[in-house]
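Topology and contacts: notes
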Amino acid sequence: MIKIEIKEGENIERALKRYKRKHRNVQIMQNLRESRYFTKPSVKRRREIQKAQYIQNLRDQEDI
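Residues numbered from 1 in each chain as written. Predicted model: local features only at pLDDT ≥ 70, side-chain atom pairs only at ≥ 80, totals over all residues. Heavy atoms only, no water.

Where an unreviewed UniProt entry is consulted, the chain appears under the name Small ribosomal subunit protein bS21, with the organism given as Winogradskyella aurantia. According to UniProt, the comment filed for the chain under the heading Sequence similarities (unreviewed entry) is "Belongs to the bacterial ribosomal protein bS21 family." (UniProt positions renumbered as here; feature names shortened; annotations may be inferred.)

This is the structure:
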């Protein structure tokens, strides 16, 4: 369960923004979708490697 403590004098919009950021980081919905079907560990590893390669490629293009 995600808890957001509102600081004294804090705007509600700011608190909602923090909540949404935490919710995204926890990836609750993504975990639920992933657990619907079984995926082999080798397939998970392959996806992680492909994602890392994609991100590295984007970072390399930024440097150019």
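Glancing now at a nonpolar patch on the surface. A cluster of nonpolar side chains, namely Val26, Ile28, Met29 and Leu32, defines an oily patch on the protein surface of about 340 Å² accessible area. By the element assignment, Leu32 lies in helix α2 (residues 28-34). (Patch = residues over 30% accessible without salt bridge, like charges linked within 9 Å, V, L, I, M, F, W, Y side chains within 5 Å. Areas by Shrake-Rupley, 256 points an atom, 1.4 Å probe, with all protein chains shown as cover. Salt bridge = Lys/Arg side-chain N within 4 Å of Asp/Glu carboxyl O. Helix = DSSP H or I, 4+ residues; strand = E, 2+ residues; numbered from the N terminus.)

For the largest pocket, the calculated volume is near 310 Å³. If you go around the largest pocket, the residues you meet are Gln27, Gln30, Asn31, Arg33, Glu34, Tyr37, Thr39, Lys44, Arg47, Glu48 and Lys51. Those elements that provide at least two residues to the lining of the largest pocket are α2 and α3 (41-63). Looking at the lining of the largest pocket residue by residue, the class counts come to 1 nonpolar, 4 polar and 6 charged. (1 Å grid on protein atoms, 1.4 Å probe; cavity = no way out; pocket = protein on both sides within 12 Å on 5 of 7 lines; lining within 4 Å. Points joined across faces, edges and corners; volume = space filled by probe spheres on them. Nonpolar A, V, L, I, M, F, W, Y, C, P; charged D, E, K, R; others polar.)

Within the fold, Arg36 resides in the loop between α2 and α3. Through-space distance from the C-alpha of Arg36 to that of Lys7 is 38 Å; in sequence the pair is 29 residues apart.

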